[in-house]
Amino acid sequence: MQTERVTFLTSPDHKAALDAFAASNGKSVGHVLREASTRYLAAEDRADGDDDKALALILPEIEAMLPHWHAKIDSMEQSIDRALEAIERALAGDPVPMSHAA
């Protein structure tokens, strides 16, 4: 196996913890770091795949709901427009049209 050196800086406390963990498990610090980084990278790969699967499941649902959301937003905009018109009329002293009276 061809190897390359990786150097990183850490605090004295972290280095001591790594040394103690490795010693208590009968492994070198290098072995512990290789094992930890391998697990980390594998977990990242799985997480990326999980995100893709979740997106593939939810995207069709979102796309199906878009027309409904657009209709709701259009309805809200119309309601706001009617309310603003009524406020403007009220502030101007104009009577409220019968179609809008409650």
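In what follows, the structure referred to is the one given above.
Rules of the game
- Counting of residues starts from 1 at the beginning of each chain's written sequence and follows it residue by residue.
- Reporting in this predicted model follows two pLDDT cut-offs: at least 70 for local features of residues, and 80 or more for side-chain atom pairs to be given and counted; totals over whole chains, interfaces and linings ignore these cut-offs and use all residues.
- Hydrogens and water are ignored here; the side-chain numbers use all heavy atoms of the structure.
- The helix and strand labels rest on DSSP assignments: H or I over at least four residues marks a helix, E over at least two residues marks a strand, and numbering proceeds from the N terminus.
- For every residue, the accessible area (1.4 Å probe, protein chains only) is compared with the maximum for its type, and the residue is labelled buried under 20%, exposed over 50%, or partly exposed between those bounds.
- In this description, accessible areas are obtained by the Shrake-Rupley approach with a 1.4 Å probe, and a residue is regarded as covered only by the protein chains that are shown.
- When a carboxyl oxygen of Asp or Glu lies within 4 Å of a side-chain nitrogen of Lys or Arg, that pair is called a salt bridge.
- A residue counts toward a patch only above 30% relative accessible area and without a salt bridge, and it is joined to like-charged neighbours within 9 Å or, for Val, Leu, Ile, Met, Phe, Trp and Tyr, to nonpolar neighbours within 5 Å.
- Neither His nor the chain ends is counted toward charge; the positive residues are Lys and Arg and the negative residues Asp and Glu.
- Charge placement uses NZ in Lys and CZ in Arg. For Asp and Glu, CG and CD serve respectively.
- By this rule, a helix spans an expected 1.5 Å times one less than how many residues it contains.
- For each structure, a 1 Å grid was placed over the protein atoms alone; sets of points admitting a 1.4 Å probe that cannot get out are labelled cavities, open sets with protein on both sides within 12 Å along at least five of seven lines are labelled pockets, and lining residues have an atom within 4 Å of a point.
- Grid points are joined across faces, edges and corners, and a volume is the space filled by probe spheres set on the points.

Looking at the overall build of the chain
- Check the secondary structure of the chain and you find two helices and zero strands.
- Residue burial in the chain is summarised as follows: out of 102 residues, 4% are buried.
- If you sum the accessible surface of the chain, you get close to 9100 Å²; carbon and sulfur atoms cover 61% of it.

Considerations on the pattern of salt bridges
- For the coordinates displayed, the defined rule picks out three salt bridges.
- Across the pair Asp-19 and Lys-15 runs a salt bridge, and its minimum N-O distance is 2.8 Å. With a gap of four residues between them, Asp-19 and Lys-15 both fall in helix α1 (residues 12-24), about one helical turn apart.
- Judged by its relative accessible area of 32%, Asp-19 is partly exposed.
- We note a salt bridge from Glu-35 to Arg-39, for which the minimum N-O separation is 3.8 Å. Taken as a pair, Glu-35 and Arg-39 lie in helix α2 (residues 29-92) at a separation of four residues, close to a single helical turn.
- Taking the relative accessible area as the measure of exposure, Glu-35 reaches 29% and is therefore partly exposed.
- The class for Arg-39 is exposed, based on a relative accessible area of 58%.

Quick notes on a negative patch on the surface
- A cluster of acidic residues, Asp-74, Glu-77, Asp-81, Glu-85 and Glu-88, forms a negative patch at the surface.
- Of note, Asp-74 is situated in helix α2.

Brief notes about a nonpolar patch on the surface
- A cluster of nonpolar side chains, namely Leu-55, Ile-58, Leu-59, Ile-62, Met-65, Leu-66 and Trp-69, defines an oily patch on the protein surface of about 580 Å² accessible area.
- Looking at the secondary structure, you find Leu-55 in helix α2.
- Residue Leu-55 is classed as partly exposed on the basis of its relative accessible area of 48%.

Details of α1
- Given a rise of 1.5 Å per residue, 13 residues ought to cover 18 Å, and the 18 Å separating the end C-alpha atoms of α1 matches this to within 8%.
- Backbone geometry just after α1 places Gly-26 at a positive phi near 65°.

Quick notes on the layout of surface pockets
- In this model, the largest pocket occupies a volume close to 320 Å³.
- Taken together, Met-1, Gln-2, Thr-3, Glu-4, Arg-5, Val-6, Phe-8, Gly-30, Leu-33, Arg-34 and Ser-37 make up the full set of residues lining the largest pocket.

That is the geometry; function is a separate question.
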